[in-house]
Amino acid sequence: MSLLSVRGLTRDFDGLRAVDGVDLDLAAGEVRALIGPNGAGKTTLVGMIAGRIAPSRGRVILDGRDITRLPAHRRMRLGMAYTFQITSVFTGLSVAENVWLAARRRVRGAGLAQAVRAALARVGLEGRADQVAGDLAYGHQRLLEIAMGLAQRPRLLILDEPTQGLSEGEIAGFQALVRDLAGEVTILLIEHNMAVVMALAERITVMAGGRILAEGTPPEIHANRAVQAAYLGGDDAADC
Ligand SMILES: Nc1ncnc2c1ncn2[C@@H]1O[C@H](COP(=O)(O)OP(=O)(O)O)[C@@H](O)[C@H]1O
Ligand SMILES: [Mg+2]
């Protein structure tokens, strides 16, 4: 059975259909990349999956349970965690405090400190636990957001353009982290760096104009004519 199923998910914004009848199934433990040109509807789709954006139509099913009407915090308790395109760390708090606040959504009591330490270690920020989050370099803030997601011990981790603004070295670290998590956590990764997508994803879903254009393994997507056309149609093939 799929961990996550989406059926006919649709969202209209003032006459614009940003997401148009999307069906999607994620198997437990898989790493799925979601790609597509700017404006394809990727962020809106995962916003509806996470409960941050209300669908105009359609359903979201987690582990066989219809969660379409559950608010975001209830979905978090069911094991969904996400980082969004815009960083959302509390800049006035320390790195550890940020992770502690996130961990508290899912983990209680004695396990809390351990969950914070483990999440920071996993992204390589254990040495910066007491630093003020706002003083971190941008790349480290993005890693902190991933630690905040991991501290919730998620079953499904949604990452919206996590490598945006990261250096080459930080991207390599991120790839190692996802490989380490693969199999343990189901990951839905919106990513525009195609090298990262091809290296990490078991399957790739391609969106364009609010719809699913193609879905398949990295080699299948690489060879797909419709996908090539969607990208070559723009003036920047890397802009996805
Ligand atoms: N809050 C909003 N209000 C109006 N239009 C929106 C809103 N959010 C997204 N859109 C529009 O919906 C479309 C899909 O956007 P988005 O989901 O952000 O795409 P992507 O993440 O693939 O770049 C775009 O045309 C965008 O301008
Ligand atoms: Mg987006």
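As the structure is a computational prediction, the values presented were derived from the model and not from experiment.

A. Up close: a positive patch on the surface. On the surface, R65, R74, R77, R104, R105 and R108 cluster together to form a positively charged patch. As for its position among the elements, R104 is in the loop between α3 (95–103) and α4 (111–123).

B. Spotlight on the site of ligand 1. Around ligand 1 lies a shell formed by F13, L16, A18, P37, N38, G39, A40, G41, K42, T43 and T44. Here an oxygen atom of ligand 1 sits 2.7 Å away from a polar atom, N or O, in the side chain of K42. Contact distances for ligand 1 include 2.9 Å between an oxygen atom and a side-chain N or O atom of T43. Contact with the protein chains removes 61% of the 560 Å² of surface that ligand 1 exposes when unbound. When contributions to the shell around ligand 1 are tallied by element, the ones reaching two or more residues are β2 (16–27) and α1 (42–50). The biggest single contributor to the shell around ligand 1 is α1, with 3 residues.

C. Quick peek at α1. When you tally the buried positions in α1, you get 8 out of 9 residues, the bulk of the element. Burial in α1 covers these residues: K42, T44, L45, V46, G47, M48, I49 and A50. Following α1 by one or two positions, G51 has its phi on the positive side, about 90 degrees.

D. Looking closely at the domain arrangement of the protein chain. Annotation of the protein chain at the domain level lists domain 1 (1–79 + 157–170 + 185–240) and domain 2 (87–154). If you average the C-alpha positions of domain 1 and of domain 2, the two centres end up 25 Å apart. In total, domain 1 and domain 2 occlude about 1100 Å² of area from one another, counting both sides; carbon and sulfur atoms represent 64% of this. Among the residues domain 1 hides against domain 2, the three largest losses belong to M76, L157 and E170. Together they make up 39% of the total. Where domain 1 packs against domain 2, one counts 0 salt bridges. Taken together, the connections running from domain 1 to domain 2 amount to 1 residue pair in polar contact (both at pLDDT 80 or more). Looking at the side of domain 1 that touches domain 2, the elements with two or more residues in it are α2 (72–77) and β7 (156–160). Considering each element in turn, the side of domain 1 that touches domain 2 owes the most residues, 3 residues, to β7.

Rules used throughout
Residues numbered from 1 in each chain as written. Chains lettered and ligands numbered in written order. Predicted model: local features only at pLDDT ≥ 70, side-chain atom pairs only at ≥ 80, totals over all residues. Heavy atoms only, no water. Patch = residues over 30% accessible without salt bridge, like charges linked within 9 Å, V, L, I, M, F, W, Y side chains within 5 Å. Areas by Shrake-Rupley, 256 points an atom, 1.4 Å probe, with all protein chains shown as cover. Salt bridge = Lys/Arg side-chain N within 4 Å of Asp/Glu carboxyl O. Lys, Arg positive; Asp, Glu negative; His and termini not counted. Charge placed at Lys NZ, Arg CZ, Asp CG, Glu CD. Helix = DSSP H or I, 4+ residues; strand = E, 2+ residues; numbered from the N terminus. Near = heavy atom within 4 Å. Polar contact = N/O pair within 3.5 Å; in protein donor to acceptor, adjacent residues only side chain to side chain. Buried < 20%, exposed > 50% of the residue type's maximum accessible area, 1.4 Å probe, protein only. Domains from an automatic or database assignment. Buried area = accessible area lost by both parts, 1.4 Å probe.

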